[in-house]
Amino acid sequence: MKIARRHEVGFYPDDASLLVDVTQFIGTALTAGHGAIVVATESHQNSLLRRLETHGVDIAAAIEQGRYISVDAADALSAFMINPMPDPARFLKLFGDLIVTVAKAVKGEQARVAVFGEGVQLLWAQGNA
């Protein structure tokens, strides 16, 4: 089985710009029947849910089906950071388990999972480059 991977980094001048792109990214995945994981602050999680609903995404169904999982970014960081550095084994365990869980909920042979995370922004705000 071939696994496609792509990683992008975005820099945003404000929350509104961030939410426009994240809504499109996550909304496109869910509308196509794929899965999504959002690792974000509570305010961004809530804003994203509202925006997805406004754009016609049946987010309640995606949550019920297990195709959408939202995780608090600060909680995720605390699960895999050791002192000022991420622990690779803890990182892979956390995100590997989340990805497998969502991928199992996706119907079809080409299970895809979109992941958005804003942990870097939290680390930067803490002065941890």
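Just above, that's the structure.
Here's what I pulled together on the structure shown here. (Residues numbered from 1 in each chain as written. Predicted model: local features only at pLDDT ≥ 70, side-chain atom pairs only at ≥ 80, totals over all residues. Heavy atoms only, no water.)

1. Quick notes on the pairing of strand E1 (residues 35-40)
In terms of residue burial, E1 counts as a mostly covered element, since six of its six residues are buried. Two elements, E1 and strand E5 (residues 113-117), share five bridges in a ladder whose sense is parallel. The residue bridging Gly-35 from the neighbouring strand is Val-113, located in E5. The pairing of E1 with strand E2 (residues 68-72) spans five bridges and is parallel. (Buried < 20%, exposed > 50% of the residue type's maximum accessible area, 1.4 Å probe, protein only. Helix = DSSP H or I, 4+ residues; strand = E, 2+ residues; numbered from the N terminus. Pairing = 2+ DSSP bridges.)

2. Here we look at the packing of helix H4 (residues 73-80) against helix H5 (residues 88-105)
Two numbers describe how H4 lies on H5: the axes approach to 8 Å, and their chain directions differ by 135°. Here H4 lies oblique to H5, going by the angle between them. Where H4 abuts H5, its residues Ala-76, Ala-79 and Phe-80 lie against Arg-90, Phe-91, Leu-94 and Phe-95. Considering only residue class, the contact of H4 with H5 consists of six nonpolar, no polar and one charged. (Axes fitted to C-alpha atoms, helices over the stretch in contact; angles between N-to-C directions. Parallel < 35°, antiparallel > 145°, perpendicular 65-115°, else oblique. Contact = heavy atoms within 4.5 Å. Nonpolar A, V, L, I, M, F, W, Y, C, P; charged D, E, K, R; others polar.)

3. Re the packing of aromatic side chains
Using the criterion set out here, one finds three aromatic pairs in the structure. Aromatic side chains Phe-80 and Phe-91 sit 5.0 Å apart centroid to centroid with 90° between the ring planes, which places their arrangement in the edge-to-face category. Taken together, the residues span a long stretch of sequence, with Phe-80 in helix H4 and Phe-91 in helix H5 at a distance of 11 residues. A relative accessible area of 35% means that Phe-91 is categorised as partly exposed. Between Phe-91 and Phe-95, the ring centres sit 4.8 Å apart and the planes meet at 45°, which makes this aromatic pair tilted. One end of the pair is Phe-91 and the other is Phe-95, both in helix H5 and four residues apart, which spans about a single turn. Taking the relative accessible area as the measure of exposure, Phe-95 reaches 13% and is therefore buried. Among the aromatic side chains, those forming a connected cluster through ring pairs are Phe-80, Phe-91 and Phe-95. (Phe/Tyr/Trp six-rings, centres within 6.5 Å; stacked < 30°, edge-to-face > 60°.)

4. Structural notes on empty space enclosed by the protein
Overall, the coordinates contain one cavity of 30 Å³ or more when judged by the stated rule. One number sums up the size of the largest cavity: a volume of about 40 Å³. The wall of the largest cavity is formed by Leu-18, Leu-19, Val-22, Val-38, Ala-40, His-44, Leu-48, Phe-116 and Glu-118. Among the elements of the structure, helix H1 (15-31), E1 and helix H2 (42-54) are those that each provide at least two residues to the lining of the largest cavity. In terms of residue count, the dominant contributor to the lining of the largest cavity is H1 (three residues). Looking at the lining of the largest cavity residue by residue, the classes come out as seven nonpolar, one polar and one charged. (1 Å grid on protein atoms, 1.4 Å probe; cavity = no way out; pocket = protein on both sides within 12 Å on 5 of 7 lines; lining within 4 Å. Points joined across faces, edges and corners; volume = space filled by probe spheres on them.)

5. Focus: the side chain of Glu-118
One can find Glu-118 in the loop between E5 and helix H6 (119-125). Of the side chains with opposite charge, Arg-50 comes closest to the buried, unpaired Glu-118, at an N-O distance of 12 Å. With sequence-adjacent residues up to four places away left out, Glu-118 is seen in contact with Leu-18, Val-39, Ala-40, Thr-41, His-44 and Ala-73. (Lys, Arg positive; Asp, Glu negative; His and termini not counted. Salt bridge = Lys/Arg side-chain N within 4 Å of Asp/Glu carboxyl O.)

Function-wise, these values are silent; they only describe arrangement.
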